[in-house]
Amino acid sequence: MSLGVTFMLIIVPVASFCVFVARHFMNRFHHHSGIAIILVTVVYTFYVLVLLLLTSGRDPGIVPRNAHPPEHEEGFESTMSPSEWSGAQSPQSHFPRMKNVIIKGVTVKVKYCDTCMLYRPPRSSHCSICNNCVEHFDHHCPWVGQCIGLRNYRFFFFFVASATLLCIFVFTMSAIYIKFLMDGKAHTVWRAIRKSPASVILMIYTFSAVWFVGGLTFFHLYLISTNQTTYENFRYRYENKETPYNLGIFNNFCEIFCTIIPPSKINFRAKIGPKALTSGVEDSSLSKSGADIEMDIKSMQYPTAGHVAGNMVGLRQQLSLSQADIENKGESEDVISETLDCTLVEVHDARAAAHPRGSSWGRKSGSWELSPDILALAVGGGGEGNQMKGDNSPPGNR
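Rules behind the numbers
Residues numbered from 1 in each chain as written. Predicted model: local features only at pLDDT ≥ 70, side-chain atom pairs only at ≥ 80, totals over all residues. Heavy atoms only, no water. Helix = DSSP H or I, 4+ residues; strand = E, 2+ residues; numbered from the N terminus. Contact = heavy atoms within 4.5 Å. Areas by Shrake-Rupley, 256 points an atom, 1.4 Å probe, with all protein chains shown as cover. Phe/Tyr/Trp six-rings, centres within 6.5 Å; stacked < 30°, edge-to-face > 60°. Buried < 20%, exposed > 50% of the residue type's maximum accessible area, 1.4 Å probe, protein only. Lys NZ or Arg CZ within 6 Å of the ring centre and 35° of its normal. Pairing = 2+ DSSP bridges. Core = buried A, V, L, I, M, F, W, Y, C linked by side-chain atoms within 4.5 Å. Disulfide = S-S within 2.5 Å. Axes fitted to C-alpha atoms, helices over the stretch in contact; angles between N-to-C directions. Parallel < 35°, antiparallel > 145°, perpendicular 65-115°, else oblique. Nonpolar A, V, L, I, M, F, W, Y, C, P; charged D, E, K, R; others polar.

Colleague: What should I look at first to understand the overall build of the protein chain in this one?
Modeller: The number of helices and strands found in the protein chain is 13 helices and 9 strands. Residue pairs in contact within the protein chain that sit at least 24 positions apart in sequence constitute 60% of those at least 6 positions apart. Surface exposure of the protein chain reaches about 24,500 Å², of which carbon and sulfur atoms provide 62%.

Colleague: What should I look at first to understand the environment of Pro122 in this one?
Modeller: Assignment of secondary structure puts Pro122 in the loop between strand 3 (118-119) and strand 4 (125-127). Pro122 sits 19 residues away from Ile103 along the chain, and the two C-alpha atoms are 9.2 Å apart. Once residues within four sequence positions are removed from consideration, Pro122 is found in contact with Ile103, Val110 and Tyr245.

Colleague: Would you take a moment to explain the packing of aromatic side chains for this structure?
Modeller: Between two aromatic rings, the relevant description is the distance of the centres plus the angle of the planes. Tallying each qualifying case throughout the model produces 14 aromatic pairs. Summarising the aromatic geometry, the rings of Phe17 and Phe169 are spaced 6.2 Å apart at their centres and angled 70° between planes, so their arrangement reads as edge-to-face. One end of the pair, Phe17, is in helix 1 (residues 2-20); the other, Phe169, is in helix 3 (residues 153-183), with 152 residues separating them in the sequence. Judged by its relative accessible area of 0%, Phe17 falls in the buried class. Where Trp143 meets Phe212, the ring centres are 6.0 Å apart and the plane angle is 65°; that geometry is what we call edge-to-face. You can see Trp143 sitting in the loop between strand 6 (139-141) and strand 7 (146-148) and its partner Phe212 sitting in helix 5 (residues 197-226), a full 69 residues away along the chain. Residue classification places Trp143 among the partly exposed positions, given a relative accessible area of 40%. One aromatic cluster is present, formed by Phe157, Phe158, Phe253 and Phe257 through successive ring pairs. For Arg123, the ring lying beneath its charged end belongs to Tyr245, and the centroid distance is 4.1 Å.

Colleague: Which parts of the structure should I look at to understand the environment of Val210?
Modeller: Here Val210 lies in helix 5. Taking relative accessible area as the criterion, Val210 reaches 21% and is therefore assigned partly exposed. Sequence separation between Val210 and Val160 is 50 residues; the distance between their C-alpha atoms is 10.0 Å. Those residues in contact with Val210 that sit more than four places away from it in its chain are Thr164, Cys167, Ile168 and Gly215.

Colleague: Help me understand the sheet that holds strand 2 (residues 106-113) in this model?
Modeller: Whenever strands of a sheet pair, they do so through backbone hydrogen bonds, lying parallel or antiparallel. Strand order in the open sheet formed by 3 strands is 1-2-3, with antiparallel pairing between adjacent strands. Each having just a single partner strand, strand 1 (98-103) and strand 3 make up the two edges of the open sheet. The pairing of strand 2 with strand 3 spans 2 bridges and is classified as antiparallel. Paired with Cys113 across the bridge in strand 3 is Leu118.

Colleague: Looking at this structure, how should I read the nonpolar core?
Modeller: Proteins that are soluble and globular tend to have nonpolar side chains buried together. Counting residues in hydrophobic clusters, the biggest one holds 36 residues, and the most contacted among them are Ile10, Phe17 and Phe159. For this core, the secondary structure elements donating two or more residues are helix 1, helix 2 (35-57), helix 3 and helix 5. Not counting the four nearest positions on each side in its chain, Phe17 is found in contact with Ala22, Ile37, Thr41, Phe169, Val170, Met173, Ser174 and Leu202. With 5 residues, the next largest nonpolar core counts Cys113, Cys116, Leu118 and Cys133 among its residues.

Colleague: Could you clarify how one ought to interpret the state of the cysteines in this entry?
Modeller: Here a disulfide denotes one covalent bond, and it connects the sulfur atoms of two cysteines. Tallying each qualifying case throughout the model produces 0 disulfides. Take Cys258: it sits in no disulfide, and the sulfur closest to it among the cysteines is that of Cys254, at 4.4 Å.

Colleague: In this structure, what is going on with the pairing of strand 1? I would like to understand it.
Modeller: Look at any regular strand and the pattern is simple: side chains alternate between the two faces of the sheet. Here 6 bridges tie strand 1 to strand 2, and the two strands are oriented antiparallel to one another. Within strand 2, the position partnered with Ile103 by the bridge is Val106. Linking strand 1 to strand 2, which pair antiparallel, is a turn of 2 residues; within it Lys104 sits at a positive phi near 55°.

Colleague: What is the right way to look at unusual backbone geometry in this model?
Modeller: It is generally the case that most residues other than glycine have a negative phi and that most peptide bonds are trans. Although it is not a glycine, Arg123 adopts a positive phi angle of roughly 70°. Tracing the sequence through the fold places Arg123 in the loop between strand 3 and strand 4. Owing to a relative accessible area of 14%, Arg123 belongs among the buried residues under this scheme. Phi at Asn227 is positive, roughly 55°, even though this residue is not glycine. Positionally, Asn227 belongs in the loop between helix 5 and helix 6 (230-235).

Colleague: Which parts of the structure should I look at to understand the packing of helix 5 against helix 7 (residues 249-257)?
Modeller: For any two helices packed against each other, the geometry comes down to the angle between their axes and how far apart the axes lie. For the pair helix 5 and helix 7, interaxial distance at closest approach is 7 Å and the crossing angle is 110°. In terms of orientation, helix 5 and helix 7 fall into the roughly perpendicular class. Each of Leu221, Ile224, Ser225 and Thr226 in helix 5 lies in contact with helix 7, whose residues at this interface are Ile249, Asn252, Phe253, Ile256 and Phe257. A per-class count over the contact of helix 5 with helix 7 returns 6 nonpolar, 3 polar and no charged.

Written as structure tokens, this is what we have:
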């Protein structure tokens, strides 16, 4: 999404410039040599877009994650107390959250990343948006939708600098066209603006944009000359002390623009093998929370909704006994009531088991609410019991 917006912010102004401004230069020079302005604009814009794609599409220098936390290492210095050690991923492994690394006599702290389960290399940081540790992390650029790091910083700088030159070019040519109109029939600037309002709009747009991309260009020139990243400049502030990575202005520029870009440490085209799939399934099963495991156990121990429905059917069958059956079996009104109460208790327990943890299924204001057909059957069973002329003693005493 952000990359598409950036494309539109470049293509739309350039297309407007070619249609409303640049085509008028074709007749301003001999032998239609003004067409070169259109060609230069199109080719240079294509170059800027290629740099944008290289910046956005390249691996910025992602550090591969570990499948397991690192082993405890002896013999390194730690500035953290044992209570601040990291052991969230595995309770059996406790190790310091920071390690001290000496670079050119300067102590640099290397942090442990809980997400990637590794100690980040020097000058690396974890991007909260991309959710990856990136080598030589500079910043996450929302305009290109990608982190800027070791493997795409060069293209990012070229893109920003080229966009600055493109803005200056469009602004200059639009101002020249306004000057041509003033020298022609439109003798004043206001008449020239009325005749070509697109030129004025392009001048305002490019003038505003050049402050943004031009400011970034000069800021990164300063960072390159001191061998800093944007993250280091805002986080650590090396103004009062020498950065351990500074090689001198000339060598700093050579390191950025003249060195070979290291290959990516991640093979994005690699196929996932059976072992990786199996480990992924095991990891997902191990990552179940206690609540999920508890629910799985309860689902095996307690009846489900099907059992509840079966109990309801049995209740209706018991309540549908005829008076003749009652007389033959010698059941009294008390026996029917006792049977009804016992069955309701079973249904209550089954519902509670099927909906644990204080579920409000089937409850209203703290009492169990029975369906009308069950209540009607219960009333009918009680009436038949009242009409019996026999005594109410239990069957065994009759």
